[in-house]
Amino acid sequence: MRIALIAHDKKKNEIIELAKKYKDVLAEHELYATGTTGTLIMGETQLPIHRMKSGPMGGDQQIGAMLADGKLDLIIFLRDPLTAQPHEPDVSALLRLCDVQRLPLATNASSATVMLECMKNGIYFNK
């Protein structure tokens with residue numbers, strides 16, 4: 001599977017902890033991430049990750065383009081719903097595109113854990 005990992009600033013630690021906990025699961029897949037998130041996860045896990053630009057610099061749009069082109073199978077995007085984001089239109093467009101493409105999307109650590117546990121147990125998602 002091709003998996004994108006994204007996290008708002010206040011959620012970076014959560015996505016790092018998820019990546020560490022599910023390192024063995026993630027290692028079996030092709031990983032993509034926005035710039036800062038990818039750098040942080042790589043530093044903590046040594047997982048190979050294709051990094052895009054940071055979210056506010058167009059990384060969300062790059063991930064969205066991959067999604068539109070059918071090049072992603074799952075997105076884990078830990079969002080901070082309590083902090084205004086300067087690139088909120090990009091975030092909204094990405095979420096809408098996930099719905100249009102019927103792509104599995106986890107927007108918090110609990111839903112990401114459910115998806116990663118499924119993958120750990122050999123259960124995958126069909127688009």
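Check the entry above for the structure.
Residues numbered from 1 in each chain as written. Predicted model: local features only at pLDDT ≥ 70, side-chain atom pairs only at ≥ 80, totals over all residues. Heavy atoms only, no water.

1. Re the pairing of strand S4 (residues 74-78)
Right, so step 1: Burial analysis of S4 places five of its five residues in the buried class, which makes it a mostly covered element.
Right, so step 2: The alternating pattern of S4 places Leu 74, Ile 76 and Leu 78 on one face and Ile 75 and Phe 77 on the opposite face, and all of these are buried.
Right, so step 3: Pairing between strand S1 (residues 2-7) and S4: five bridges, direction parallel. Looking at the pairing, Ile 6 lines up with Phe 77 of S4.
Right, so step 4: Of the pairings in the sheet, the one linking S4 to strand S5 (residues 105-106) comprises two bridges and is parallel in character. Bridge assignment links Ile 76 to a residue of S5, and that residue is Ala 106. (Buried < 20%, exposed > 50% of the residue type's maximum accessible area, 1.4 Å probe, protein only. Helix = DSSP H or I, 4+ residues; strand = E, 2+ residues; numbered from the N terminus. Pairing = 2+ DSSP bridges.)

2. Here's the deal with the environment of Phe 77
Right, so step 1: Inspection of the secondary structure assignment puts Phe 77 in strand S4.
Right, so step 2: Residue Phe 77 is classed as buried on the basis of its relative accessible area, which comes to 0%.
Right, so step 3: Spatially, the C-alpha atom of Phe 77 lies 18 Å from that of Leu 47, the residues being 30 residues apart in sequence.
Right, so step 4: Those residues in contact with Phe 77 that sit more than four places away from it in its chain are Ile 6, Ala 7, His 8, Val 91, Leu 94, Leu 95, Leu 105, Ala 106, Thr 107 and Asn 108. (Contact = heavy atoms within 4.5 Å.)

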